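Report on the structure
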Amino acid sequence: MDLDVFFAGTGGSVPTARRGMPALLVRRGGDRLLFDCGEGTQRQLVRSVGLPEVDEVLITHFHADHWLGLPGMLKTFDLRGRERPLTVRGPRGLGDLMKIMQRAVYGRLRYELAIEEMDPGDEVHRDGYTLAAVGVEHRIPAVAWVLWEDERPGEFDAAQAESLGVAPGPDFGRLQRGETVGGVGPDQVVGPPRAGRKLLVSGDTAPCESVRVAAHGADVLVHEATFTEEERERAAQTGHSTAGDAAALARDAEVRLLALTHVSTRYGGREIRDEARAVFERTVVPRDFDAIAIPFPERGEPTLMRHEEPVAG
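Residues numbered from 1 in each chain as written. Predicted model: local features only at pLDDT ≥ 70, side-chain atom pairs only at ≥ 80, totals over all residues. Heavy atoms only, no water.

**Examining empty space enclosed by the protein**
- In this structure the tally under the stated criterion is 1 cavity of 30 Å³ or more.
- Every residue lining the largest cavity is counted, 18 residues in all, and those nearest its centre are Pro22, Asp36, Val201, Val222 and Thr261.
- For the lining of the largest cavity, the secondary structure elements donating two or more residues are strand S1 (3-9), strand S2 (23-28) and strand S11 (220-224).
- Residue composition of the lining of the largest cavity, grouped by class: 7 nonpolar, 8 polar and 3 charged. (1 Å grid on protein atoms, 1.4 Å probe; cavity = no way out; pocket = protein on both sides within 12 Å on 5 of 7 lines; lining within 4 Å. Points joined across faces, edges and corners; volume = space filled by probe spheres on them. Helix = DSSP H or I, 4+ residues; strand = E, 2+ residues; numbered from the N terminus. Nonpolar A, V, L, I, M, F, W, Y, C, P; charged D, E, K, R; others polar.)

**As for the sheet that holds strand S7 (residues 123-126)**
- A sheet is described by the order of its strands in space; here 7 strands give the open sequence S7-S8-S9-S10-S11-S12-S13, paired in mixed fashion. On the outer flanks of this sheet lie S7 and strand S13 (283-284), each paired with one strand and no other.
- With 2 bridges joining them, strand S12 (residues 257-261) and S13 adopt parallel strand pairing. Among the inter-strand pairings, Leu258 is bridged to a residue of S13, identified as Thr283. (Pairing = 2+ DSSP bridges.)

**Regarding the pairing of S12**
- In terms of residue burial, S12 counts as a mostly covered element, since 5 of its 5 residues are buried.
- Going residue by residue along S12, you find Leu257, Ala259 and Thr261 tucked away on one face and Leu258 and Leu260 tucked away on the opposite face as well.
- Looking at chain direction, S11 and S12 are connected through 5 bridges and run parallel. When the sheet's bridge partners are listed, Val222 is paired in S12 with Ala259. (Buried < 20%, exposed > 50% of the residue type's maximum accessible area, 1.4 Å probe, protein only.)

**Focus: the layout of surface pockets**
- Size it by volume and the largest pocket reaches roughly 680 Å³.
- Every residue lining the largest pocket is counted, 29 residues in all, and those nearest its centre are Ala17, Arg18, Arg19, Arg287 and Asp288.
- Secondary-structure elements contributing two or more residues to the lining of the largest pocket are helix H1 (41-46) and helix H10 (270-277).
- Class assignment for the residues of the lining of the largest pocket results in 8 nonpolar, 10 polar and 11 charged.
- Of the volumes computed, that of the second largest pocket is approximately 170 Å³.
- Lining the second largest pocket are Gly12, Ser13, Arg139, Thr226, Phe227, Arg234, Thr238, His240, His262, Ser264, Thr265 and Arg266.
- Split by residue class, the lining of the second largest pocket holds 1 nonpolar, 8 polar and 3 charged.

**Digging into the nonpolar core**
- Of all hydrophobic cores here, the largest spans 31 residues; its most connected members are Leu200, Val211, Leu221, Val255, Leu258, Leu260 and Ile272.
- Elements with a minimum of two residues in this core: strand S8 (129-135), strand S9 (143-149), helix H7 (209-214), helix H9 (243-253), S12 and H10.
- Examining the composition of this core, we find that 6 residues originate from one element, H9, more than from any other.
- Counting residues in hydrophobic clusters, the runner-up holds 27 residues, among them Ala23, Ile59, Leu74 and Leu86. (Core = buried A, V, L, I, M, F, W, Y, C linked by side-chain atoms within 4.5 Å.)

**Focus: the packing of helix H2 (residues 70-79) against helix H3 (residues 94-106)**
- With their axes 10 Å apart at the nearest point, H2 and H3 run at an angle of 60° to one another. Classified by the angle their axes make, H2 and H3 are oblique. Handedness of the H2/H3 crossing: right-handed. Taking contact as the criterion, the partners of Leu70, Pro71, Leu74 and Lys75 in H2 are, on H3, Met98, Met101, Val105 and Tyr106.
- Of the residues that constitute the contact of H2 with H3, the class distribution is 7 nonpolar, no polar and 1 charged. (Axes fitted to C-alpha atoms, helices over the stretch in contact; angles between N-to-C directions. Parallel < 35°, antiparallel > 145°, perpendicular 65-115°, else oblique. Left-handed = near helix turned anticlockwise from the far one by under 90°. Contact = heavy atoms within 4.5 Å.)

**Description of the packing of aromatic side chains**
- Inspection of the entire model under this criterion finds 2 aromatic pairs.
- Relative to Phe289, the ring of Phe6 lies with its centre 6.2 Å away and its plane at 20°, an arrangement referred to as stacked. Separated by 283 residues along the polypeptide, Phe6 in strand S1 and Phe289 in the loop between S13 and strand S14 (291-293) bring together distant segments of the chain.
- According to the relative accessible area criterion, Phe6 is buried, its value standing at 3%.
- Given the relative accessible area of 9%, Phe289 is considered buried.
- A cation sits over an aromatic face here: Arg82 above Tyr111, 5.5 Å from the ring centre.
- Against the face of Phe296 rests Arg197, its NZ or CZ located 3.8 Å from the ring centre. (Phe/Tyr/Trp six-rings, centres within 6.5 Å; stacked < 30°, edge-to-face > 60°. Lys NZ or Arg CZ within 6 Å of the ring centre and 35° of its normal.)

Structure below.
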């Protein structure tokens, strides 16, 4: 099953000509999960991959650059005649914020909208994977979001099964489902369970142990890098991370790939990347409309796919 991360907005605080406000679309099979929804998110999506019927919106915190695009997107879904339910999740306080949005912006919706406040450690189990909130260190209550897939069955050894007298065909499937066939048990032809993939999206945070623990062994860590080392004092004052901070965390967490976002207007991106790579080589700084494909470990490394085509409109 395909899993990728599409970067609809990679800037922080204010938009620029090249970077929109924070928004990240995770596509797993037919599921569409939107992490944060900054101002202009629906426009960013329409200009690139199209505005999908997202299943869930997961907000990291309530600074305006991370949610201001949400009320307009909810209204657009209504105007398009959406029928599927939609869930918006976020930290404590989400319910009050959504009530204000409803009164001031989107009004009554004709589709079902569920609002769920989540505390650090809360989990949501979906088909084949789990979503969990992770407490982070910022100026206001905030969470990171981690997605991890269920374990996969071990690899099936067809040659071994045949050598034990099992004929190719339906009996192979029975063995893979855990049945014994002709005296041959699954443990004889199926390897140990294999881990699914893991993705962590930090939102805004100072470097913190909770993110390092939750990100351990992740295939991709999407972490903010609002500042470089020369602005370390400013990062500490505002509850943000430097590129070096994020890279050290990725190194210690033994992730496969680090993607840095929430890029300040003071940087083009290269200085963020170079500072981080001095600590953790497997670092990328996505631009808007880039994506990262996340294969299973045995099939290759996570890969940044650059968006090179001009964007229409």
